[in-house]
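# Architecture and fold: a report
Here's the letter readout for the chains.
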Amino acid sequence: MANVIIVGAQWGDEGKAKIVDLLAEQADVVIRCQGGCNAGHTVVHHGEVFKFHLIPSGLLYPDKLCIIGSGTVISPEVILREITEIEAKGYATTNLKISDRAHLTLPYHITLDRVQEESRSKDQNGEKIGTTGKGIGPTYMDKVARIGLRLGDLYETDELLKKQIAHILSIKTPLLKHAYQAETETVDEIFTLCKQYAEQLRPYVTNTTPLIHEAIGAGKHILFEGAQGTLLDIDHGTYPFVTSSNATAGGACTGSGIGPSRIDQSIGVMKAYTTRVGSGPFPTELNDSVGQHLQEVGKEFGTTTGRRRRCGWFDGVIGKYSVQVNGLDGVAITKLDVLDGLKELHLCVAYKNIQTGEQTSDFPTRLSDLAQLEPVYETFPGWTGSVHGIRAYDKLPIEAKNYLTRIAELIGTPIAIVSVGPERQETMMVCNPMRNERKDDKASAVTAC
Ligand code: IMP
């Protein structure tokens, strides 16, 4: 058994929740490490659909300790609603713990997110980022500016809490008023809200660091659940069209309070094609009938905002980049069944400079450089019939195996898991990361470990 990080290896929405839910069965502890209620995790369990934003996907197992780590930002309203909903469906939440170091998203963060987005479209150089509008960026801004409120602060004396809120609002109120002509709440209003949240969240909020280290000391097995995806990472993503946290594997360590030496494997989740919500570059995007097929068959609508996801071919350049910046030991390829029925598949193997014709397989830093590049595709025949019912890798059509083998070669890491549907059992486990199984030949095809 092992400690395993699961991260999104594209632009989010890769199907991480299903993979986490599947592997969580073999874990003792599941930790959500970064991001906030911008994430949307869909888990299908016994035909019932669960949509989580903050709650770790492992909560459906009553015997797992589920932790929301210090690197996350918490909207009390959203987490309390999720707790109520999940309890109403008959699941207990006593195994949920939230780090007292996590930062609080309060109403003025949501206002700031909205007005900043609006002002971006007014600015002639600005393009909307297309944020989820959940106050994520402004909450992380305050954290880094060292004027954030942490969950633990809710349990300070009234005098101290009020003083902290007054200090924050002495900065926020004039900013919102003068830069954006927007109102914010008064100190008393925020204080009252905070007191109410403190009581409602009391059973869950604690110092989670000792809990995690006790579990490690006892040889327990931890699954780290990433949110968003590598190309949305604040440092390594398509900046500024990114989220405000580290969605890469390093973020799992800083966001939970454990060192990299305690991690046995990092697994990236990639769709068999590519999607993105919000604005920003997307080299393999398709605006044709194939894009429409992926969108419709893949039911590509955002879990959090309901927005249509942009769809395109699998991009091996970003795949390789994700393997590098996350140190991926393997990948889980999801939604292979969505490619059923396509006569031909295209796989982006490199980018070509439209001026010079020069090719590269390195993902560039500057978006102006990316704009000069176009995808170079290899073409693969599609398969007949559906892979949806297949449960063993060997039983996949040869065309699907060839496609997957080329992906593994391109990105430079083996395929550990293949998913062909939303349910737990609609999965082929090639190497089980929770048993620390791995293939030595990094670029090999997908044969069992
Ligand atoms: P924010 O995280 O709300 O600030 O949004 C920044 C960008 O990240 C936007 O393009 C969002 O659409 C995108 N984003 C944030 N969370 C997710 C997610 O969980 N899946 C996919 N995209 C996301």
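A brief structural summary.

Conventions used here
- Residues numbered from 1 in each chain as written.
- Predicted model: local features only at pLDDT ≥ 70, side-chain atom pairs only at ≥ 80, totals over all residues.
- Heavy atoms only, no water.
- Core = buried A, V, L, I, M, F, W, Y, C linked by side-chain atoms within 4.5 Å.
- Buried < 20%, exposed > 50% of the residue type's maximum accessible area, 1.4 Å probe, protein only.
- Helix = DSSP H or I, 4+ residues; strand = E, 2+ residues; numbered from the N terminus.
- Domains from an automatic or database assignment.
- Contact = heavy atoms within 4.5 Å.
- Near = heavy atom within 4 Å.
- Polar contact = N/O pair within 3.5 Å; in protein donor to acceptor, adjacent residues only side chain to side chain.
- Areas by Shrake-Rupley, 256 points an atom, 1.4 Å probe, with all protein chains shown as cover.
- Nonpolar A, V, L, I, M, F, W, Y, C, P; charged D, E, K, R; others polar.
- Phe/Tyr/Trp six-rings, centres within 6.5 Å; stacked < 30°, edge-to-face > 60°.
- Lys NZ or Arg CZ within 6 Å of the ring centre and 35° of its normal.

Before going further, it helps to spend a moment on the nonpolar core. Among soluble globular proteins, nonpolar side chains are generally buried collectively. One finds Ile 6, Ile 79 and Leu 223 to be the most contacted residues of the largest nonpolar core, which totals 61 residues. Among the elements that make up this core, the one with the highest residue count is helix 6 (residues 187–201) (six residues). Both of domain 1 (3–74 + 211–443) and domain 2 (103–201) provide at least three residues apiece to this core. Filtering out sequence-adjacent residues up to four positions away, Ile 6 remains in contact with Ile 19, Val 20, Leu 23, Leu 223, Phe 224, Glu 225, Gly 226, Ile 267 and Val 269. Among the nonpolar cores identified, the runner-up in size contains 57 residues, and Ile 222, Trp 313, Ala 350 and Ala 400 belong to it.

Moving on: the site of the ligand. If you check the shell around the ligand, you find 16 residues, and the closest are Asp 13, Asn 38, Thr 132, Thr 243 and Arg 307. Here Asn 38 contributes a side-chain N or O atom positioned 2.9 Å from an oxygen atom of the ligand. Contact between the ligand and Thr 243: an oxygen atom at 2.6 Å from a side-chain N or O atom of the residue. Compared with its free state, where it exposes 470 Å², the ligand has 96% of that area covered by protein. When the residues that make up the shell around the ligand are grouped by side-chain class, the tally is six nonpolar, eight polar and two charged. Looking at the shell around the ligand, you find at least three residues from each of domain 1 (3–74 + 211–443) and domain 2 (103–201).

All chains considered together, the criterion is met by six aromatic pairs. Ring centres 5.4 Å apart and planes at 50° place the aromatic pair Trp 11 and Phe 282 in the tilted group. Taken together, the residues Trp 11 in the loop between strand 1 (4–8) and helix 1 (16–24) and Phe 282 in the loop between strand 12 (274–276) and helix 9 (289–297) connect sequence positions 271 residues apart. Like Trp 11, the residue Phe 282 is buried in the burial classification. Grouping aromatic residues by their ring pairs yields a cluster made of Phe 50, Phe 52 and Tyr 91. Positioned above the aromatic ring of Tyr 61 is the side chain of Lys 64, whose terminal nitrogen or guanidinium carbon lies 5.4 Å from the ring centre. The ring of Phe 191 carries Lys 162 above its face, with NZ or CZ at 4.8 Å from the centroid.

These figures come from the coordinates and say nothing about function on their own.
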